[in-house]
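For reference, the chains in residue letters:
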Amino acid sequence: DAMVIQNPRYQVTQFGKPVTLSCSQTLNHNVMYWYQQKSSQAPKLLFHYYDKDFNNEADTPDNFQSRRPNTSFCFLDIRSPGLGDAAMYLCATSRVGRELFFGSGTQLSVL
Amino acid sequence: TQLLEQSPQFLSIQEGENLTVYCNSSSVFSSLQWYRQEPGEGPVLLVTVVTGGEVKKLKRLTFQFGDARKDSSLHITAAQPGDTGLYLCGIGNTGKLIFGQGTTLQVKP
């Protein structure tokens, strides 16, 4: 059974049109992460939540926002997608200092 | 500046060959994790190494943590096409996991 679920698997949006990616977990982990991964590159951390505490990476563009309404759900909002934002977006969860469990990712295309 | 330096970044070998992937840093870490990612999927944990000098084996994969806990290696013996994927080392840093650049491995039949 999938433990970290990302929807949708594929998302197509238009340049400048806001888009939201979702992630849910059944593991009850207190940490949730969003990573951006471009082709043939390692995942790059955008931000993470430790419970409700939001931690933004210094180089994450303001265009990227996140919400975590409860333990199980986390959302990635891209306010005005550009062509450079086309990538795989990976959600992951963990207990503090422990292994990460990843979802299958959402492949975002920007037209 | 990359906290973790992973090498090589790309590796294409024939089935049956051996290979080693390296993960290095100037910092000391309490632990280091190795992940493998197949195309179209998220990374999956292979192993966590914690103790300096530790060696862990997972079938044909051998993981080693350096004595000073600044570096780690992954050795694959007799690689198979099913080993193809992106291999990532990662370290915990203030509650988050940071990856090295990754090694893309292609094993040709």
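Quick note: structure is the one above.
Residues numbered from 1 in each chain as written. Chains lettered and ligands numbered in written order. Predicted model: local features only at pLDDT ≥ 70, side-chain atom pairs only at ≥ 80, totals over all residues. Heavy atoms only, no water.

A.B. asks: With reference to specific residues and values, describe the overall build of chain A.
C.D. replies: Scanning chain A from N- to C-terminus turns up 0 helices and 11 strands. For a compact globule of 111 residues, the expected C-alpha radius of gyration is about 13 Å, and chain A comes in at 13 Å, within 12% of that figure. Every one of the 111 residues in chain A was classed for burial, and the buried ones make up 49%. A separation of at least 24 residues holds for 55% of the contacts in chain A among residues at least 6 apart in sequence. A total accessible area of about 5,600 Å² is found for chain A, and carbon and sulfur atoms account for 48% of it. Across chain A, the centroid of the 10 positively charged side chains sits 4 Å from that of the 9 negatively charged ones. (Helix = DSSP H or I, 4+ residues; strand = E, 2+ residues; numbered from the N terminus. Rg over C-alpha atoms; globule rule 2.2 N^0.38 Å. Buried < 20%, exposed > 50% of the residue type's maximum accessible area, 1.4 Å probe, protein only. Contact = heavy atoms within 4.5 Å. Areas by Shrake-Rupley, 256 points an atom, 1.4 Å probe, with all protein chains shown as cover. Lys, Arg positive; Asp, Glu negative; His and termini not counted. Charge placed at Lys NZ, Arg CZ, Asp CG, Glu CD.)

A.B. asks: Explain the interface of chain B and chain A to me, using residue names and the numbers behind them.
C.D. replies: Taken residue by residue, the interface counts 20 residues in chain B and 21 residues in chain A. Note on chain B versus chain A: buried area summed over both sides is about 1,400 Å², and carbon and sulfur give 54% of it. Where chain B meets chain A, there are 2 salt bridges. Note that Glu-41 of chain B and Arg-9 of chain A form a salt bridge whose closest N and O atoms lie 3.3 Å from each other. Counting every contact that joins chain B to chain A gives 7 residue pairs in polar contact (both at pLDDT 80 or more). Among the elements that make up the side of chain B that touches chain A, the one with the highest residue count is strand β10 (residues 96-99) of chain B (4 residues). (Buried area = accessible area lost by both parts, 1.4 Å probe. Salt bridge = Lys/Arg side-chain N within 4 Å of Asp/Glu carboxyl O. Polar contact = N/O pair within 3.5 Å; in protein donor to acceptor, adjacent residues only side chain to side chain.)

A.B. asks: Tell me about the sheet that holds strand β7 (residues 64-67) of chain A, and name the residues and values.
C.D. replies: All names here are of chain A. With respect to topology, 4 strands assemble into an open sheet ordered β1-β3-β8-β7, the strand pairing being antiparallel. Only two strands of the sheet have a single partner each, and these edge strands are β1 (4-7) and β7. Shown here is a sheet whose adjacent strand axes are inclined to one another by a mean of 20 degrees, direction ignored. Here 4 bridges tie β1 to strand β3 (residues 19-25), and the two strands are oriented antiparallel to one another. Paired with Gln-6 across the two strands is Cys-23, which belongs to β3. (Pairing = 2+ DSSP bridges. Axes fitted to C-alpha atoms, helices over the stretch in contact; angles between N-to-C directions.)

A.B. asks: Pulling in residues and values, what's your account of the state of the cysteines?
C.D. replies: Taken as a whole and judged by the stated rule, the model has 2 disulfides over all chains. The disulfide that involves Cys-23 of chain A links it to Cys-91 of chain A, with 2.0 Å between the sulfurs. For the disulfide bridge between Cys-23 of chain A and Cys-91 of chain A, the dihedral angle about the S-S bond is near -75 degrees, and by the sign convention the bridge is left-handed. Of this pair, Cys-23 of chain A sits in strand β3 while Cys-91 of chain A sits in strand β9 (residues 87-94); the two residues are 68 residues apart in sequence, bridging distant segments of the chain. Residue Cys-23 of chain A shares its accessibility class with Cys-91 of chain A, and that shared class is buried. Between the sulfur atoms of Cys-23 of chain B and its disulfide mate Cys-89 of chain B the distance is 2.0 Å. Disulfide Cys-23 of chain B to Cys-89 of chain B: torsion about the S-S bond roughly 75 degrees, handedness right-handed. Taken together, the residues span a long stretch of sequence, with Cys-23 of chain B in strand β3 (residues 19-24) and Cys-89 of chain B in strand β9 (residues 85-93) at a distance of 66 residues. Both residues of the pair, Cys-23 of chain B and Cys-89 of chain B, count as buried. Counting only cysteine sulfurs, Cys-91 of chain A is the nearest neighbor of Cys-74 of chain A, a cysteine outside any disulfide, at a range of 5.9 Å. (Disulfide = S-S within 2.5 Å.)

A.B. asks: Tell me what's going on with the nonpolar core, and back it up with residues and numbers.
C.D. replies: All names here are of chain B. Core analysis: the largest hydrophobic core is formed by 21 residues, its most contacted members being Leu-19, Leu-32, Trp-34, Phe-63, Leu-74, Ile-76 and Leu-105. Those elements that provide at least two residues to this core are β3, β4 (32-37), β5 (44-49), β7 (61-65), β8 (71-76), β9 and β11 (103-108). Beyond its immediate stretch of four places on either side in the chain, Leu-105 contacts Leu-11, Ile-13, Leu-19, Ile-76, Asp-83, Thr-84, Gly-85 and Tyr-87. (Core = buried A, V, L, I, M, F, W, Y, C linked by side-chain atoms within 4.5 Å.)

A.B. asks: Describe in detail the sheet that holds β7 of chain B, supporting the description with residues and values.
C.D. replies: Residues and elements named next belong to chain B. Taken in spatial order, the 5 strands make up an open sheet running β1-β3-β8-β7-β6, and their pairing is antiparallel. Both edges of this open sheet fall to β1 (5-7) and β6 (55-58), since each of them pairs with a single strand only. Going across the sheet, the axis of each strand differs from the next one's by a mean of 15 degrees, ignoring polarity. As judged from the 6 bridges shared by β3 and β8, these two strands associate in the antiparallel manner. Along β8, the bridge assignment pairs Thr-20 with His-75.

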